[in-house]
Amino acid sequence: MKIGVIGGGAWGTALAQVAAAGGDRVRLWAREPEVVDAINATQRNPLFLPDVALSPEIRATTEIGALGECDAILVVTPAQHLRGICAQLPRHDTPLILCAKGIEAGTRKLMSETARDTCPHAPIAVLSGPTFAHEVAAGLPTAITLACEDEALGQSLARRLARPSFRPYASTDVIGAEIGGAVKNVLAIACGVVEGAGLGQNARASLISRGFAEMTRFGLARGARAETLAGLSGLGDLVLTCSSTSSRNFSLGKGLGQGRAAADLMADRRTVAEGAFTAPVLIEAAREAGVDMPIAEAVDALLAGRADVRAVIEGMLGRPLKREH
Ligand SMILES: NC(=O)C1=CN([C@@H]2O[C@H](COP(=O)(O)OP(=O)(O)OC[C@H]3O[C@@H](n4cnc5c(N)ncnc54)[C@H](O)[C@@H]3O)[C@@H](O)[C@H]2O)C=CC1
Ligand SMILES: O=C(CO)COP(=O)(O)O
């Protein structure tokens, strides 16, 4: 049994480690030759996950064709690169487990919709939940949603990836799992702003709650199930990333809240803060669906430099009073 992983960032590397811990031989495609060389020579990924000793069962490659012999592939490149990567896959019928959290700019498509465009014959699953890569790679416990419309395949993939400290819960709600992961990144930026601007713990909890209301409205409009949004891939991941500077999105927001410009914070960063790319396309998609998402709108305005922190906070607090539900 050989499992493929596409993407040698922190999360792809951590998932390769999970797969290898279950006895799978793992073929990891990474874009950076220095990552491939380091993993093969030293069992380390110094660029994206430096503190973890990796399994020797993980063999890295820059040749995507080398994943042709894998019987399932975890696709872990950032959301905006998914289409390009899927187009290069050596086979178009291998089950794909999509792990990026985002919405494609331009098309407004979820990851499963983008993958189906390029690989219409590949069975698709989505893996998403509260999973900081460094904790998973260190073997600390967590639970995660594995969503697949084909219930039998989903359960078999969940069993294949399950480890004593890594518990996939099967679901058939692919759209719900994707929307939770994509929207929480934008909301994590907002919570970072709250932290950076020193607005306090009450404000953060209020924002998580009202953000979850936005996620739910948008998700239901796009066909997600409410219980998925309230589960690991929605509320679970939202609480995680809205509470810690281990989140790249939260950290980006914290910088914005301290008054730094988005362009400066984004310049030269090697790691990805997906919420920055999702925010503009999310608000386009929300407007298209007739869904009100004021927090996501505020994050987008801050990122685009259309408003400063003070104006955004005043705007949020000055909104007309309304019913909670
Ligand atoms: N790091 C984490 O804790 C978690 C990350 N994720 C998601 O996994 C996805 C990947 O994130 P990470 O592994 O954290 O990335 P990372 O921030 O550690 O590394 C950046 C990744 O982007 C890749 N990349 C940059 N430019 C590219 C291009 N032009 N084409 C293809 N790939 C390119 C790099 O090769 C590298 O793999 C994101 O959607 C993220 O939201 C999901 C769960 C946990
Ligand atoms: O998605 C994540 C944890 O579940 C990682 O969050 P960040 O991308 O904000 O670091």
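Residues numbered from 1 in each chain as written. Chains lettered and ligands numbered in written order. Predicted model: local features only at pLDDT ≥ 70, side-chain atom pairs only at ≥ 80, totals over all residues. Heavy atoms only, no water.

Visitor: What exactly am I supposed to notice about the sheet that holds strand β8 (residues 166–171) here?
Guide: The strands making up a sheet associate through backbone hydrogen bonding, with each pair oriented either parallel or antiparallel. One open sheet holds the eight strands; their spatial order is β3-β2-β1-β4-β5-β6-β7-β8, and the pairing between them is mixed. Each edge of the open sheet carries a strand with a single partner, namely β3 (58–61) and β8. Within this sheet the neighbouring strands show an average axis-to-axis angle of 25°, counted without direction. As paired strands, strand β5 (residues 96–98) and strand β6 (residues 124–128) are joined by three bridges and run parallel to one another. Note that in β6 the partner of L96 across the bridge is I124. Set on the sheet, helix α1 (residues 10–21) makes contact with β1 (2–6), β2 (25–29), β3, β4 (72–75), β6, β7 (142–148) and β8; between it and β2 the angle comes to about 170°. (Pairing = 2+ DSSP bridges. Helix = DSSP H or I, 4+ residues; strand = E, 2+ residues; numbered from the N terminus. Axes fitted to C-alpha atoms, helices over the stretch in contact; angles between N-to-C directions. Contact = heavy atoms within 4.5 Å.)

Visitor: What should I look at first to understand the site of ligand 2 in this one?
Guide: As a matter of local geometry, ligand 2 sits amid 13 residues, with K101, D237, S247, R248 and N249 nearest to it. Here an oxygen atom of ligand 2 sits 2.8 Å away from a polar atom, N or O, in the side chain of K101. Between ligand 2 and D237, the relevant distance is 2.7 Å, taken from an oxygen atom to a side-chain nitrogen or oxygen of the residue. Of all the secondary-structure elements, those providing two or more residues to the shell around ligand 2 are α10 (232–241) and α11 (248–257). Of the residues forming the shell around ligand 2, the biggest block, three residues, is contributed by α10. Tallied by class, the residues present in the shell around ligand 2 amount to three nonpolar, six polar and four charged. When residues of the shell around ligand 2 are sorted by domain, at least three fall in each of domain 1 (2–172) and domain 2 (175–317). (Near = heavy atom within 4 Å. Polar contact = N/O pair within 3.5 Å; in protein donor to acceptor, adjacent residues only side chain to side chain. Nonpolar A, V, L, I, M, F, W, Y, C, P; charged D, E, K, R; others polar. Domains from an automatic or database assignment.)

Visitor: Please explain helix α8 (residues 201–221) as it appears in this structure.
Guide: Each α-helix turn comprises 3.6 residues. Residues three or four places apart therefore point the same way. In a regular helix each residue adds 1.5 Å, so 21 residues correspond to 30 Å; α8 covers 30 Å between its end C-alpha atoms and thus fits that length. Where α8 is concerned, the buried positions are R204, L207, I208, G211, F212, A213, E214, M215, T216, F218 and G219. Once α8 finishes, G223 follows within two positions and takes phi at roughly 95°, a positive value. (Expected span 1.5 Å × (residues − 1). Buried < 20%, exposed > 50% of the residue type's maximum accessible area, 1.4 Å probe, protein only.)

Visitor: Can you help me understand the site of ligand 1 in this one?
Guide: Near ligand 1, the surroundings consist of 23 residues, among which A10, E32, A133, V272 and E274 are the closest. The contact in question runs from an oxygen atom of ligand 1 to an N or O atom on the backbone of G9, over 2.9 Å. Taking A133, its main chain carries an N or O atom lying 2.8 Å from an oxygen atom of ligand 1. Look at ligand 1: alone it shows 830 Å² of surface, and the protein chains cover 88% of it. Counted by class, the shell around ligand 1 contains ten nonpolar, seven polar and six charged residues. (Areas by Shrake-Rupley, 256 points an atom, 1.4 Å probe, with all protein chains shown as cover.)

Visitor: Explanation requested: the side chain of R204 in the structure shown.
Guide: Position of R204 relative to the elements: it lies in helix α8. Nearest to the buried, unbridged R204 among oppositely charged side chains is E195, at 5.2 Å. Sequence-distant contacts of R204, that is, excluding residues within four places in its chain, are made with C191, V194, C242 and S243. (Lys, Arg positive; Asp, Glu negative; His and termini not counted. Salt bridge = Lys/Arg side-chain N within 4 Å of Asp/Glu carboxyl O.)

Visitor: Hey, could you run me through the pattern of salt bridges in this one?
Guide: Oppositely charged side chains can pair when the atoms bearing their charge come close. In total, this model carries 19 salt bridges according to the counting rule given. Close ionic contact of R160 with D71 constitutes a salt bridge, the shortest N to O distance being 2.9 Å. Residue R160 is found in helix α6 (residues 151–161), and its partner D71 is found in the loop between β3 and β4; the two are separated by 89 residues along the sequence. When its relative accessible area of 17% is taken as the criterion, R160 is described as buried. Accessibility expressed as a relative area gives 33% for D71, which makes it partly exposed.

Function cannot be inferred from these measures alone, as they are strictly geometric.
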